[in-house]
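# Tertiary structure, described
The chain contents come next:
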Amino acid sequence: MSATVFVPRDSAALAVGAEAVAGAIAAEAQRRGEPVRLVRNGSRGLLWLEPLVEVETAAGRTAYGAVAPEQVAGLFDAGFLVGGKHPSCLGLTEEIVYLKRQERVTFARCGVIDPIAVADYERLGGYAGLARAIDLTPEAIVAQLTESGLRGRGGAAFPTGVKWKTVLGATAAQKYVVCNADEGDSGTFADRMLMEGDPHALIEGMLIAGLAVGATQGYVYLRSEYPQAKRVLEEAIAAARAAGYLGADVGGTGRRFELELRMGASSYVCGEETALLESLEGRRGIVRAKPPLPALQGLFGKPTVINNVLSFAAVPTILARGAEFYRDFGVGRSRGTLAFQLAGNLKRGGLVEMAFGVTLRELLEDFGGGSASGRPLRAVQVGGPLGAYLPASRWDTPMDYEAFAALGAALGHGGIVAFDDTVDMSKMARYAMQFCAIESCGKCTPCRIGATRGVEVVDRIIAGVARTRQIALLRDLCDTMQNGSLCAMGSMTPYPVLSALDHFPEDFGSAARAKAA
Ligand SMILES: Cc1cc2nc3c(=O)[nH]c(=O)nc-3n(C[C@H](O)[C@H](O)[C@H](O)COP(=O)(O)O)c2cc1C
Ligand code: SF4
């Protein structure tokens, strides 16, 4: 009987040599005449351990990491095909504390299965949500979503059930389902990991959305920087079509749902839903004024459900296991789980899926293991490039949308980027303004002009030119951007700028320090 060995085909694993490791295992197995079935799974999200090789043993899956190609012969010598001891052996995968402590719901299958194989997906509960949805009326599907408390995982945290209800209620000959897979936030990779590790979860979520609102066509708008996700999605969509889930007769119901992939335009603002729709229609990605809402006049002017990858990927579980199962995770109005992505200066970067309510400190210390540099952590940016910088005094706040809003911060897409005490926060404030100036779509003045002026003002503060006046000017400018911008690009850029100024005034010179005191 052949041993089953798993080597991830996820981008993060490929970036550190997973392809060479897979090749070395296949070659060594052949050389020794030991039959091996090589499965190219997704990542478990323990990124510092990639390439993480797993072997199916009698006791369960045993992990080895981080494996280098030159270690492969030694692994065979150590009998790794039956879980043999080796310096890189991490024991049973499910017992690794980083993984064991998590509450994996959306990512339950990620890294476990062959991402393309429909049979693998079905074996672990896949397409059961679709089967349930087929038996329900569209109104009942939407009601499940509403009761689950699911809020959009792309950043704005808008209730998914409310959005779907609006599209369901709209009358039109054609409706669309669009997946926002642009994932432009710094330090985020959860959408990619899901698409590369469990793409059928996204496909199934979009299919259920189609049934719920009466849409027959779906598009995944994928950032062009994700070529591996593109490959995996293309293969998975073809497999879903071959299995009869996609096409003219979804699951034998006589109902149609087609799904196509479109590559993005490498622009941060194309992740904003209306700019994304412009781009999808073949135009430059410029934000549209709202109303009309995309739910009523979205893609090609038709009612459109547009959701983030992880919002769609949560849907199959909600349908299969019931709204209550999902709602039981979380705190307050933040229900379910969030995929926290640990990045920046941390020892153990990776994906941590937990119910809302876990604290930032637990994520940074218990999971992240503190800084990679060994120096004290000083600032953490939560929620992507438009998220606030938080000092240690705020790290005990529970990760929950409302608690973060009360701090003048946002959870966004769950990206967490840590900095040690060598960071200069005035430079980070400058970077935030510069990022906005570069990525602004240019439609509205507060963002287009404001961000450019913002860089100049921060430069003067850094140079010590009339600091008190320039700091007052910066606050005034942030107020204008916050209240006068058309979309969150301009209105949220003040988050990183003002949080840096308010929490780390010492980096902006004595004028800022005196003001903060
Ligand atoms: C500048 C900007 C960039 C955005 N980028 C993304 C993105 O990359 N992915 C995403 O899902 N949402 C992004 N959003 C949020 C979307 O506009 C929208 O809220 C989301 O796609 C809705 O899906 P959800 O309700 O499932 O979160 C961005 C918003 C702004 C203002
Ligand atoms: S805030 Fe910036 S990105 Fe948004 S519409 Fe205005 S110019 Fe465009």
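The shown structure was predicted, so the numbers you read here are calculated from the model rather than taken from an experiment. (Residues numbered from 1 in each chain as written. Chains lettered and ligands numbered in written order. Predicted model: local features only at pLDDT ≥ 70, side-chain atom pairs only at ≥ 80, totals over all residues. Heavy atoms only, no water.)

### Digging into the packing of aromatic side chains
Keep this limit in mind: Ring pairs shown here join Phe, Tyr and Trp side chains whose ring centres sit within 6.5 Å, with only the six-membered ring taken for Trp; geometry is labelled stacked below 30 degrees between planes, edge-to-face above 60, and tilted in between. The way it works is that DSSP assigns letters per residue, a run of H or I at least four long becomes a helix, a run of E at least two long becomes a strand, and they are numbered from the N terminus.
In this structure the tally under the stated criterion is 13 aromatic pairs. Ring centres of Y176 and Y219 lie 6.1 Å apart, and the angle between their planes is 45°; on these two criteria the pair is classed as tilted. Here Y219 lies in strand 7 (residues 217–222) and Y176 lies in strand 6 (residues 176–181), a separation of 43 residues in the sequence. Pairing Y431 with F435 gives two aromatic rings, centres 6.2 Å apart and planes at 35°, and the pair type is tilted. Here Y431 pairs with F435, and both are found in helix 17 (residues 425–439), just four residues apart, close to one helical turn. Through pairs of rings, three or more aromatic residues link up here, namely W48, Y98 and F367.

### A word on the sheet that holds strand 6
How we decide: Note: two strands are recorded as paired if DSSP finds a minimum of 2 bridges between them. Where helices are involved, their axes are fitted lines through C-alpha atoms of the stretch in contact, as for all axes, and angles between N-to-C directions lie from 0 to 180°. The contact rule is simple, with two residues in contact once any of their heavy atoms fall within 4.5 Å.
Within the open sheet, the four strands sit side by side as 8-7-6-9. Their pairing is parallel. Because the sheet does not close on itself, it has two edges, and the strands there are strand 8 (258–263) and strand 9 (304–308). On average, each strand axis in the sheet is inclined to that of its neighbour by 20°, with strand direction left out of account. By the bridge criterion, six bridges tie strand 6 to strand 7 in an arrangement that is parallel. Across the sheet, the residue bridging to N180 is Y221, located in strand 7. Each of strand 7 and strand 8 touches helix 11 (residues 227–242); the most contacted strand, strand 8, lies at about 170° to it.

### Description of the site of ligand 1
Definition in use: For each residue, the test is whether any non-hydrogen atom lies within 4 Å of the molecule or strand; if one does, the residue is near. Counting of polar contacts relies on pairs of N or O atoms within 3.5 Å, with two restrictions inside protein: one atom must be capable of donating a hydrogen and the other of accepting it, and residues adjacent in sequence are counted only when both atoms are side-chain atoms. All accessible-area figures derive from a Shrake-Rupley calculation using a 1.4 Å probe, and residue coverage is judged against the displayed protein chains alone. Think of a 1 Å grid over just the protein atoms. A cavity is a set of points where a 1.4 Å probe fits yet cannot get out, a pocket is an open set with protein on both sides within 12 Å along at least five of seven lines, and lining residues have an atom within 4 Å of a point. Each molecule is checked against the cavity or pocket grid, and it sits inside if more than half of its atoms lie within 2 Å of the grid points.
Taken together, 19 residues lie near ligand 1, and G154, N180, N307, N308 and S311 sit nearest. R153 is positioned with one of its backbone polar atoms (N or O) 3.4 Å from an oxygen atom of ligand 1. Within the contact set of ligand 1, an oxygen atom lies 2.9 Å away from a backbone nitrogen or oxygen of E273. Considering ligand 1 on its own, with 620 Å² of exposed area, one finds that the protein chains cover 91% of that surface. One can see that ligand 1 is located within the largest pocket. With three residues, strand 9 is the single largest residue contributor to the shell around ligand 1.

### Side note on the environment of F107
Under the convention used in this document: When a residue's accessible area, from a 1.4 Å probe over protein chains only, is under 20% of the maximum for its type it is buried; when over 50% it is exposed; and in between it is partly exposed.
With respect to the helices and strands, F107 occurs in the loop between helix 4 (97–100) and helix 5 (118–123). Using a relative accessible area of 1% as the deciding quantity, one classes F107 as buried. Sequence separation between F107 and V352 is 245 residues; the distance between their C-alpha atoms is 9.4 Å. Aside from chain neighbours lying at most four places away, what touches F107 is A190, M193, L194, L310, A339, L351 and E353.

### Quick look at the nonpolar core
For soluble globular proteins, nonpolar side chains are generally found buried alongside one another. Note the following rule: Buried residues of nine kinds, namely Ala, Val, Leu, Ile, Met, Phe, Trp, Tyr and Cys, make up a nonpolar core once their side-chain atoms join them within 4.5 Å. Domain segmentation is taken from an automatic or database assignment of domains.
Ranked by internal contacts, the top residues of the largest apolar core, which has 67 residues, are W164 and L202. Ranked by the residues each element gives to this core, the list is headed by helix 10 (residues 199–213), at ten residues. Two domains each put at least three residues into this core: domain 2 (118–327) and domain 3 (330–420). By size, the runner-up hydrophobic cluster in this structure holds 39 residues, among which are A432, M433, C447 and V458.

### What to know about the sheet that holds strand 2 (residues 36–39)
Spatially, 2-1-3-4-5 is the arrangement adopted by the five strands of the open sheet, whose pairing is mixed. Looking along the sheet, the strands with just one partner apiece sit at the ends: strand 2 and strand 5 (89–92). Taken pair by pair, the neighbouring strands of this sheet meet at an average axis angle of 25°, ignoring direction. Across three bridges, the pairing between strand 4 (residues 60–64) and strand 5 is antiparallel. Its bridge partner lying in strand 5, T62 is registered against L92. Against the sheet, helix 2 (residues 18–32) contacts strand 1 (3–6), strand 2 and strand 3 (53–57), and its axis sits at roughly 170° relative to strand 2.

### Describing the domain arrangement of the protein chain
As a reminder, the rule being used: For any pair of parts, buried area is found by adding up, for both, the accessible area (1.4 Å probe) each one loses once the two are put together.
What the domain assignment reports for the protein chain is domain 1 (3–96), domain 2 (118–327), domain 3 (330–420) and domain 4 (425–516). For domain 1 and domain 3, the distance between their C-alpha centres works out to 31 Å. Each partner contributes to the interface: domain 1 provides four residues, whereas domain 3 provides five residues. Approximately 310 Å² of surface area, both sides summed, lies buried where domain 1 meets domain 3, with 62% of it carried by carbon and sulfur atoms. Considering only the surface of domain 1 that becomes buried against domain 3, G45, L47 and W48 emerge as the three largest contributors, covering 94% of it.

### Details of the site of ligand 2
What counts is decided by this rule: Amino acid classes used here: Ala, Val, Leu, Ile, Met, Phe, Trp, Tyr, Cys and Pro are nonpolar; Asp, Glu, Lys and Arg are charged; the rest, including Gly, are polar.
Taken together, 13 residues lie around ligand 2, and C441, K443, C444, C447 and C487 are the ones closest in. More than half of the atoms belonging to ligand 2 lie within 2 Å of the grid points that define the largest cavity. Residues belonging to the shell around ligand 2 are distributed by class as follows: eight nonpolar, four polar and one charged.

### Description of empty space enclosed by the protein
It is a probe the size of a water molecule, rolled over the atoms, that shows where empty space is left. Rules: Grid points are joined across faces, edges and corners, and a volume is the space filled by probe spheres set on the points.
Under the definition given, this model contains two cavities of 30 Å³ or more. Its boundaries defined by the atoms lining it, the largest cavity holds a volume of some 70 Å³. If you go around the largest cavity, the residues you meet are V269, V287, S440, C441, G442, K443, C444, C447, L486, C487 and M489. Its residues placed into classes, the lining of the largest cavity shows eight nonpolar, two polar and one charged. Put simply, the second largest cavity is a space of about 60 Å³. T106, F107, R153, L310, A314, Y326, T337, L338, A339 and E353 together form the lining of the second largest cavity. Looking at the lining of the second largest cavity, the elements that each hand over two or more residues are helix 13 (309–321) and strand 12 (337–344). Looking at the lining of the second largest cavity, the element that brings in the most residues is strand 12, giving three residues. Residues that form the lining of the second largest cavity fall into these classes: six nonpolar, two polar and two charged. Both domains that meet at the lining of the second largest cavity, namely domain 2 (118–327) and domain 3 (330–420), each give it at least three residues.

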